[in-house]
Amino acid sequence: MRDTDEELRPILRIDFPEDDRLGRGKIMLLELIRETGSISAAGRAMDMSYRRAWLLVDALNRMFKEPSVESQRGGRQGGGAAVTPFGETLIARFRAMEAKARAAIADDLDWLEAARRDATWSGEGSPE
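This structure is a prediction, so every number in the text was calculated from the model and none was measured.

*Asks:* Explanation requested: the pattern of salt bridges in the structure shown.
*Replies:* Should their charged atoms come close, side chains of opposite charge can pair. Applying the stated criterion to the full structure yields 7 salt bridges. Across the pair R95 and E31 runs a salt bridge, and its minimum N-O distance is 2.7 Å. Residue R95 is found in helix α4 (residues 85-104), and its partner E31 is found in helix α1 (residues 24-36); the two are separated by 64 residues along the sequence. Note on R95: relative accessible area 27%, which makes it partly exposed. Assessed through its relative accessible area of 16%, E31 is described here as buried. We note a salt bridge from R62 to D58, for which the minimum N-O separation is 3.0 Å.

*Asks:* I keep staring at the nonpolar core and nothing clicks. Help me out?
*Replies:* Inside soluble globular proteins, nonpolar side chains tend to come together where they are buried. Judged by nonpolar contacts, the single largest core of 23 residues is most densely connected at L22, I27, L29, L30, I33, I39 and V69. Only α1, α2 (39-45), α3 (50-63), β4 (80-83) and α4 provide two or more residues apiece to this core. At 6 residues, α1 tops the list of elements feeding residues into this core. For L22, the contacting residues outside a window of four places in its chain are L12, R13, I14, F16, I27, L60, M63, F64, L90 and F94.

*Asks:* When you look at a nonpolar patch on the surface in this model, what are you seeing that I'm missing?
*Replies:* Taken together, Y50, W54 and L55 make up a surface patch of nonpolar side chains, about 290 Å² in accessible area. Position of Y50 among the secondary structure elements: in helix α3.

*Asks:* What exactly am I supposed to notice about the packing of aromatic side chains here?
*Replies:* For any two aromatic rings, the description comes down to two numbers: the centre-to-centre distance and the angle of the planes. Per the counting criterion, the structure on display carries 2 aromatic pairs. Measuring from centroid to centroid gives 5.9 Å for F16 and F64, while their planes differ by 85°, and the two rings are edge-to-face. With F16 in the loop between β1 (13-15) and β2 (21-23) and F64 in the loop between α3 and β3 (69-72), the pair connects residues that are 48 residues apart, well separated along the chain. Judged by its relative accessible area of 28%, F16 falls in the partly exposed class. For F64, a relative accessible area of 21% corresponds to the partly exposed category. Their ring planes at 55° and their centres at 5.3 Å tell us that F64 and F86 sit as a pair that is tilted. Of this pair, F64 sits in the loop between α3 and β3 while F86 is found in helix α4, placing the two residues 22 residues apart along the sequence. Put simply, the rings of F16, F64 and F86 touch in pairs and so form one group of aromatic residues.

*Asks:* How should the layout of surface pockets be read in this particular structure?
*Replies:* Quantified by volume, the largest pocket comes out at close to 300 Å³. The wall of the largest pocket is formed by 16 residues, among which I39, Y50, W54, S71 and G80 lie closest to the centre. Going through the elements one at a time, α2, α3, β3 and β4 are the ones with two or more residues in the lining of the largest pocket. By residue number, the principal contributor to the lining of the largest pocket is α3, which donates 5 residues. When its residues are assigned to classes, the lining of the largest pocket shows 6 nonpolar, 7 polar and 3 charged.

Scoring rules and cut-offs
- Residues numbered from 1 in each chain as written.
- Predicted model: local features only at pLDDT ≥ 70, side-chain atom pairs only at ≥ 80, totals over all residues.
- Heavy atoms only, no water.
- Salt bridge = Lys/Arg side-chain N within 4 Å of Asp/Glu carboxyl O.
- Helix = DSSP H or I, 4+ residues; strand = E, 2+ residues; numbered from the N terminus.
- Buried < 20%, exposed > 50% of the residue type's maximum accessible area, 1.4 Å probe, protein only.
- Core = buried A, V, L, I, M, F, W, Y, C linked by side-chain atoms within 4.5 Å.
- Contact = heavy atoms within 4.5 Å.
- Patch = residues over 30% accessible without salt bridge, like charges linked within 9 Å, V, L, I, M, F, W, Y side chains within 5 Å.
- Areas by Shrake-Rupley, 256 points an atom, 1.4 Å probe, with all protein chains shown as cover.
- Phe/Tyr/Trp six-rings, centres within 6.5 Å; stacked < 30°, edge-to-face > 60°.
- 1 Å grid on protein atoms, 1.4 Å probe; cavity = no way out; pocket = protein on both sides within 12 Å on 5 of 7 lines; lining within 4 Å.
- Points joined across faces, edges and corners; volume = space filled by probe spheres on them.
- Nonpolar A, V, L, I, M, F, W, Y, C, P; charged D, E, K, R; others polar.

This is the structure:
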């Protein structure tokens, strides 16, 4: 799933020890689980298999002291999944970190945008 926005944007990824990573893909998966109430529906919305989505949720749940997603098995409603209060906080904090990163380098992003080949170059030398 790719953003169609034409603006330049930094991509935030946090690398933890032991090869754990937290980035926009896992956060987007959490947001879609919140919307759909389902790991499989969230995975489908991101063009990934249920297994891949489940593995990412499992990685998220093992990464922190508290789980980000709780799944409910079968039953009358057919099961489902819910983002936990910790998962909601994780989403909010990650999105806030992205906003802070964008704000911190806004001037540099403006410069890069102006220096792009398809933009009007007003600086000295080559824009590359």
